[in-house]
Amino acid sequence: MMLRRIAALCALAALPLAAQQGARQATLTTAERFDRAYFAWDAGRYDEALVDLKAVLAASDADAWQDRVAELTGEIYQTVEVAKDARTPVWSADGRHLAYATGTGAAAKIVVVRNEAGFPVATEGTGVNVSFAPDGRSVAWLYRSAAGRPAIRWVPLGGGEAQDIPLDAASASSLTLLGTAPLRVALIVGDENASKIIVRDLTGNDGTWREVAVAGRNPIQILSSPNGRRALVTLGERSAFARFVPGFAGGARSDSFAEFTPTGLGAAMGGVSPVWARSSSAFAWIENGGEVARVRVKRDGEPTTAATLEGAFMNPALSPDGRTVVFGQMPREDWELFAVPADGSESPRRLTHEIQHDLFPQFISDERLLGVIGEGRHRRSYLYDLSTGDRTRLFHNNTVRTVAPEYEWEVSPDGSRVAIVSERDGDTVTPHRHLYVTDLGTKVPRTQLVARVDSMLGAERALRENGRRAFAPIAEQVRAAVAEVSTGRIYSYEKALFEFDSKHITQPGNWKATDWLLAQYQSFGLDAHLQRFTTLQGGEIPVANVVATVKGTVNPELIYVVGAHFDSRAEGPGADDNTSGTAMILEAARVLAKRPLPATVMFVAFTGEESGLRGAREFGRRMKDSIHVVGALNNDMMGWSNDSRMDNTIRYSNTGIRDIQHAAAIQFSELITYDAFYYKSTDAHALYDAWGDIVGGIGSYPILGNPHYHQVHDVLETINHRQLAETSKTTIATIMLLASSPSRLVGLTAAGKTATWERAVEKEITGYIVRYGPASNPMQYTSRVTNPRITLNSLQPGWHIAVKAVNAKGMEGWDWARAVVQ
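The residue numbering used here restarts from 1 in each chain and proceeds along that chain's sequence as written. The predicted nature of this model means local features are confined to residues of pLDDT at least 70 and side-chain atom pairs, given and counted, to a pLDDT of 80 or more, with totals for whole chains, interfaces and linings taken over all residues. To get the side-chain values, take all heavy atoms of the structure and skip hydrogens and water.

Draft legend 1. Spotlight on the pattern of salt bridges. Any Lys or Arg side-chain nitrogen located within 4 Å of an Asp or Glu carboxyl oxygen qualifies as a salt bridge. As enumerated under the stated definition, the model contains 45 salt bridges in all. Notably, a salt bridge pairs Glu-259 with Lys-298, separated by 3.3 Å at the nearest N-O pair. Remark: Lys-298 occurs in strand S21 (residues 292-298) and Glu-259 occurs in strand S16 (residues 256-261); sequence separation between them is 39 residues. The same class applies to Glu-259 as to Lys-298, namely buried. In this structure, Asp-647 and Arg-645 form a salt bridge, with 3.0 Å as the shortest nitrogen-oxygen distance. Summary of the burial criterion: residues with accessible area below 20% of their type's maximum are buried, those above 50% are exposed, and those between are partly exposed, where the area comes from a 1.4 Å probe applied to protein chains only. The class for Arg-645 is buried, based on a relative accessible area of 12%. Taken together, the shared-partner salt bridges in this structure form one network comprising Asp-47, Arg-401, Glu-460 and Arg-464. Think of it this way: any DSSP run of H or I at least four residues long counts as a helix, any run of E at least two long counts as a strand, and we number them from the N terminus.

Draft legend 2. Representation of the sheet that holds strand S10 (residues 172-178) in the model. Should DSSP find at least two bridges between two strands, the strands are taken to pair. Read across the sheet, four strands follow the order S10-S11-S12-S13 without closing on themselves; strand pairing throughout is antiparallel. Where the open sheet ends on each side, the last strands, each with one partner, are S10 and strand S13 (210-212). Across this sheet, the average inter-strand angle for adjacent strands is 25 degrees, counted without regard to direction. Sheet topology note: the S10/strand S11 (residues 184-190) ladder contains five bridges and is antiparallel. What sits directly across from Ser-173, in S11, is Ile-188. Orientation is described by axes fitted as lines to C-alpha atoms, over the contacting stretch for helices, and by angles from 0 to 180 degrees between their N-to-C directions.

Draft legend 3. Fine view of helix H7 (residues 475-482). Within the span of H7, buried status applies to Ala-475, Val-478, Ala-481 and Val-482. Seen end-on, H7 carries its buried residues on one side only, within an arc spanning 125 degrees. Tucked into the core, H7 has its buried residues touching helix H6 (446-471), helix H10 (575-593), helix H12 (655-668) and helix H14 (721-740). It is the directions from the helix axis to the C-beta atoms whose arc is reported. We call two residues in contact whenever any of their non-hydrogen atoms come within 4.5 Å of each other.

Draft legend 4. Highlighting the packing of aromatic side chains. Stacked, edge-to-face and tilted are the three classes for Phe, Tyr and Trp ring pairs, Trp counted by its six-membered ring, which pair at centre distances within 6.5 Å; planes under 30 degrees apart are stacked, over 60 edge-to-face, the rest tilted. One pass over the full model with this rule turns up 22 aromatic pairs. Residues Phe-471 and Phe-668 carry aromatic rings whose centres are separated by 5.0 Å and whose planes lie at 65 degrees to one another, so their mutual orientation is edge-to-face. Taken together, the positions of Phe-471 in helix H6 and Phe-668 in helix H12 put the pair 197 residues apart, joining distant regions of the chain. For the pair formed by Phe-471 and Phe-668, the shared burial category is buried. Arranged with centres 5.5 Å apart and planes meeting at 70 degrees, the rings of Trp-757 and Tyr-768 form a pair that is edge-to-face. Remark: Tyr-768 occurs in strand S44 (residues 765-773) and Trp-757 occurs in the loop between strand S43 (754-756) and S44; sequence separation between them is eleven residues. Joined through ring pairs, the aromatic side chains of Phe-34, Tyr-38, Phe-39 and Trp-65 make up one cluster. For a Lys NZ or an Arg CZ to count as sitting over a ring, it must be within 6 Å of the ring centre and within 35 degrees of the ring normal. One cation-aromatic arrangement involves Arg-391 over Tyr-382; the distance from NZ or CZ to the ring centre is 4.3 Å.

Structure, rendered in structure tokens:
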């Protein structure tokens, strides 16, 4: 055996290098190849990983690895898009239909689709608050008549005429269909001062409304049991309708509830978050007794205590058979999920150990659970096997770098499908969200998985090659600059800012930080000053942004803004939010202070972000018409890391800047970057409002996944300081490319065979690149011109055209100006 091994090695050594590498590749087992792919993926070397994953899928034993490849690259289960603008999905009890709401205000509409191929529309109409009959044969919702009065639309789903039932009340909410023979409708009417439950038959002889007493408390909503024979009414001091998502107490929280049947209301029970078991008459809730709380379960007899809790708690879920309860508790700073037998015969068992929040459990089956990880602006869903503890990612968008925030999850009655509301395209700015259904019984076939890997590999290679080409003329200068980034210096900035404690505009630390930042920028030799203004927060408060400038050498009148807010919440020092971003741009300013670029770079430490983007809005208001800003990077929350990976998100409005930031991270740092079309509710929004679609920046991956976000425990010891150094390198490289390249052209128009645009604002422009083609391939053809005009005989109406400038150093514009031929 040893002799054969030596002979094989000698034969390998005799081969040319390329052949040696191929021979070594051939000796890898599928397990070894997947292992190598997994760790390359973990390190952000996606191109290497995807090559190995292609080989895994082509192996003779690929069946054993297909699920692992699918989960690593995206989804295991087939997912289809149901609607492009949807929220609050609701399944019928028989699973044959799915309803959702779309539109807002007077345009709000209910749509009901059939649960079959293509999800065809079964019925739709203006209205809100949909409810299916317990047998699934009809659906009802609330709407307003032409006279502005509330009414009920009741629609049979197997054929028959829809009925409209007018209401005398001025307002109504929480419509619920109960029973079967007769079918009844119950709803809450009234306002925050006095509300009540009314009931009437939809089938049968009694068509009059009956009032149900609520013992002097305002009902918030009615939660019907799966069989429709019973309901729970949550009772609170105020009437504030919020749709109840099983396992989520956030909007429906109250301090008591009662069992309800159409004939009356039972005694109120203290507690929060009541939830039904999907296939039994059991329900569970959390009874708050002050310092301790109890997870309570009621079947047919007296309630039992499943667990006694100390500290914070939320989100109970009851298995379909009513025998297991899962709930959320916070052992330290983040929420975790625990399971316990409903009869209390065992102690709670911890299901999750993720450093981020684990939330919103819903049972798929008695032994399978859906759970959610993360913060509100980027949550992701997973499946848990209660018997083994295994966790599987449920939903993704099957791309390498674009994140897909999820917001709502609704399990079908038989547990075979999950309706998910998500921004799967990574677009968090547009007001609508999309509705998808994931089929847990159908896995992605091999052919689709191979196509997914091929598509990812093509996109990743193009991103890397385009980035390498863009940076090529200045790559050596960039490497020299990023080599000067110091983790130790960054920590010293963080430590100094941290010691000012809260830097909220109402706290003394705000002005201490302001003065310190000014002195720090000045110590770098920069032209730095305070941009003073007053703002209102319980009184008139003097505050200031800190502005430091590195003047450009060729185009000093053109400005790139690099910003981060330095204020924190009043609760604490805000180590991640946003001492991290402040320290990062300080180090970028120190490195670039002695390396002036062709365009001017303005570093701005904004104040008052946590009080309504006050500093950034003042900067935009004051500077909009006085300086020529051609690009901006806003940076917010980049110091916390969930695991060993140094990853973060490019939050952008401009795709050109997005791709430059990816390229900067790939070539000049160890940062792994993802992206989301995202700028709302951040200082980037103020910059966008002032100067338009020219904004990028880095902030928090997964988006707001940090469990310390906006908490008193957002402290320095939770920060990965080396990650900040890698983010600084990425930012330095990005700004060096942007400020050395032509900015995006303006004024592009195309009509007939001719396109024109305004001349580039930069000096030393040698010409323009023009790309054009049909909508199916808009960059198919390329031409070059020296003047801001081109005539192309092949242009056709509806074709796309894109133009960028090129300067004397061979640097192309960092974004295309685009238009459609008229």
